[in-house]
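# Chains, contacts and geometry: an overview
Residues per chain are reported as follows:
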Amino acid sequence: KSGVNKGESVYMMVPSLPETWFASFATVKGGYVSVPTAITMTPKELEYRFQTFPPQAILADKTCAPIIDEGLEAAGTTPKVKIIVDGDREGWTSYSEVDKEATSAEAAKTKPEDLILCFFTSGTTGMAKRVAHTASSYPIGHLSTASIIGLRPGDIHNNLSAPGWAKWAWSCFFAPFNVGATT
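Residues numbered from 1 in each chain as written. Predicted model: local features only at pLDDT ≥ 70, side-chain atom pairs only at ≥ 80, totals over all residues. Heavy atoms only, no water.

## Some details on the overall build of the protein
Looking only at helices and strands, the protein has six helices and seven strands in total. Secondary structure of the protein in N-to-C order comes out as β-α-β-α-β-α-β-β-β-β-α-α-α. Over its C-alpha atoms the protein spans a radius of gyration of 16 Å, differing by no more than 12% from the 16 Å that the globule rule assigns to 183 residues. In terms of overall dimensions, the protein has a C-alpha envelope of 45 × 45 × 30 Å along the principal axes. Here the protein, with 183 residues, has 43% of them falling under the buried criterion. Of the contacts made within the protein by residues no fewer than 6 positions apart, 65% connect residues no fewer than 24 positions apart. Surface exposure of the protein reaches about 9800 Å², of which carbon and sulfur atoms provide 57%. Here the protein contributes 16 positively and 18 negatively charged side chains, and the mean placements of these two sets differ by 7 Å. (Helix = DSSP H or I, 4+ residues; strand = E, 2+ residues; numbered from the N terminus. Rg over C-alpha atoms; globule rule 2.2 N^0.38 Å. Buried < 20%, exposed > 50% of the residue type's maximum accessible area, 1.4 Å probe, protein only. Contact = heavy atoms within 4.5 Å. Areas by Shrake-Rupley, 256 points an atom, 1.4 Å probe, with all protein chains shown as cover. Lys, Arg positive; Asp, Glu negative; His and termini not counted. Charge placed at Lys NZ, Arg CZ, Asp CG, Glu CD.)

## Re the pattern of salt bridges
Pairing is possible between side chains that carry opposite charge, provided their charged atoms lie close to one another. Under the defined criterion, the tally for this structure stands at seven salt bridges. Here glutamate 101 and lysine 1 are joined by a salt bridge, their closest N and O atoms 3.2 Å apart. Remark: lysine 1 occurs in the segment before β1 (9-13) and glutamate 101 occurs in the loop between β5 (93-94) and β6 (115-120); sequence separation between them is 100 residues. Residue classification places lysine 1 among the exposed residues on the basis of a relative accessible area of 91%. Between lysine 82 and aspartate 69 there is a salt bridge, with the nearest N and O atoms lying 2.7 Å from each other. Highlighted residues: lysine 82 in strand β4 (residues 81-84) and aspartate 69 in helix α3 (residues 65-75), separated in sequence by 13 residues. Here the two residues lysine 82 and aspartate 69 agree in accessibility, since each one is buried. Connected through salt bridges with shared partners, the residues Asp69, Lys82 and Arg89 form a single ionic network. (Salt bridge = Lys/Arg side-chain N within 4 Å of Asp/Glu carboxyl O.)

## Here we look at the packing of helix α1 (residues 18-30) against helix α6 (residues 166-179)
In helix packing, the relevant descriptors are the interaxial angle and the interaxial distance, both defined with respect to the helix axes. Running from amino to carboxyl end, α1 crosses α6 at an angle of 70 degrees, the nearest separation of the two axes being 12 Å. Judged on the interaxial angle alone, α6 and α1 are roughly perpendicular. Two secondary-structure elements touch here, α1 through Thr20, Trp21, Ser24, Phe25 and Val28 and α6 through Trp168, Cys172, Phe173 and Phe177. Grouping the amino acids of the contact of α1 with α6 by side-chain chemistry returns seven nonpolar, two polar and no charged. (Axes fitted to C-alpha atoms, helices over the stretch in contact; angles between N-to-C directions. Parallel < 35°, antiparallel > 145°, perpendicular 65-115°, else oblique. Nonpolar A, V, L, I, M, F, W, Y, C, P; charged D, E, K, R; others polar.)

## A look at the environment of isoleucine 156
As for its position among the elements, isoleucine 156 is in the loop between α5 (143-148) and α6. With 25 residues separating them along the chain, isoleucine 156 and valine 131 place their C-alpha atoms 29 Å apart.

## A few points about α3
Those residues of α3 not exposed but buried are Ala65, Ile68, Asp69, Gly71, Leu72 and Ala75. For α3, the buried positions fall inside an angular range of 165 degrees around the axis, keeping them on one side. Residues of α3 that are buried in the fold lie against β1, α2 (43-52), β3 (57-60) and β4. Glycine 76 sits one or two positions beyond α3 and adopts a positive phi of about 70 degrees. (Arc of directions from axis to C-beta.)

Here it is in C-alpha cells:
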C-alpha cells in the first residue's frame, strides 16, 4: 500500500524480535532488498548509509526510531513508509497495522541474480562499503553454514548474533530456514 516495489530497500534497525523474522521473510517473498542495520548505529552513520543506498521502507523499534529520523533529516531522504514495531510515533506507521492486512500474499517473481540483501561493512579501515547479495548467493551459500554447524531438520538452533550483522543472516536466518530447523 505504501508503494514499495520489488528491488527497493527495506532497512530493519530492530533488536531480535519476532517482527524481525516476519519482516525478513516478507522482504525475501516480496523481492525487496533487506538492509539489516545494527541497533548501535549513530545518526551520522545512518546519514552516510541513507545517502549511499536510500531507504524506501524502514522498520524500527521506539529506541532506534528517533536516531533514524535524525539520520534521514541529515541525509535529506524520505522513505515511502516507516514502521515502528513497539508503539506509536508521529510520522511512523504502527506495526499493529499488519493485523488489518490479508494473511497471504503472492510472492514476487525473483530471479537468482536479483538482490535481496545488503549489508554495510564495519568501516574499521575506512568508510563502510555496501555489500549486496543475490537471491542465490546467501540462501544457497549458507547451505554450507548449515552443514558446518551440523543443523538438521527439526533442530533448535540458538545463536546470539543480532540483526544488522552478517552472522545473523548466516546462522539465524538462512541456515536454519534452508534445512527446516528452528532458531
